[in-house]
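The residues making up each chain are set out below.
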Amino acid sequence: MNRETSTHADQSARQGFALGVAAYGLWGVLPVYWKLLRAVPATQIMAHRIVWSFLFLLGLILIRREGAALWRSVDRRTLKAYALASALLGVNWLTYIWAVNAGRIVET
């Protein structure tokens, strides 16, 4: 391995570590945010997350002009996999939000 490849690998490893620390830090702080929303039902929070995430990603796809490539890549099998993944993620997040709002932060 030459010096340039080694430097790139080191930089990539440092960036990965920093992103990992940031992700775990956000995950640890997120219950505080959900706690502030305890008066709002968990289903309503999830509905907002779904709608705003969809609009954000739609905007990103349109800005990057990747709609045609996305449309070409979607077939019935891929659509089923996306539907299953989104349902599982939705159940996971709904459970997490509900548990935090119910005072079960340590268990989550």
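Residues numbered from 1 in each chain as written. Predicted model: local features only at pLDDT ≥ 70, side-chain atom pairs only at ≥ 80, totals over all residues. Heavy atoms only, no water.

1. Quick notes on a nonpolar patch on the surface
Working step 1: There is a patch of nonpolar side chains on the surface, built from Val51, Trp52, Phe54, Leu55, Leu58 and Leu62 and spanning about 640 Å² of accessible area.
Working step 2: Along the chain, the position of Leu62 falls in helix H2 (residues 42–64). (Patch = residues over 30% accessible without salt bridge, like charges linked within 9 Å, V, L, I, M, F, W, Y side chains within 5 Å. Areas by Shrake-Rupley, 256 points an atom, 1.4 Å probe, with all protein chains shown as cover. Salt bridge = Lys/Arg side-chain N within 4 Å of Asp/Glu carboxyl O. Helix = DSSP H or I, 4+ residues; strand = E, 2+ residues; numbered from the N terminus.)

2. A word on H2
Working step 1: With 23 residues, H2 should cover 33 Å at 1.5 Å per step; its first-to-last C-alpha distance of 33 Å lies within 8% of that length.
Working step 2: Residues of H2 that are buried include every one of Ala42, Ile45 and Met46, and no others.
Working step 3: Downstream of H2 by a residue or two, Arg65 has a phi angle that is positive, lying close to 55°. (Expected span 1.5 Å × (residues − 1). Buried < 20%, exposed > 50% of the residue type's maximum accessible area, 1.4 Å probe, protein only.)

3. Focus: the nonpolar core
Working step 1: Residues Trp34, Ala42, Ile45, Met46, Trp93, Tyr96, Ile97 and Val100 constitute the largest nonpolar core, which totals eight residues.
Working step 2: Looking at this core, the elements that each hand over two or more residues are H2 and helix H4 (76–101).
Working step 3: Residue contributions to this core peak at four residues, all from H4.
Working step 4: Residues contacting Ile45, with those up to four places away along its chain left out, are Trp34, Leu37, Val40, Ile97 and Asn101. (Core = buried A, V, L, I, M, F, W, Y, C linked by side-chain atoms within 4.5 Å. Contact = heavy atoms within 4.5 Å.)

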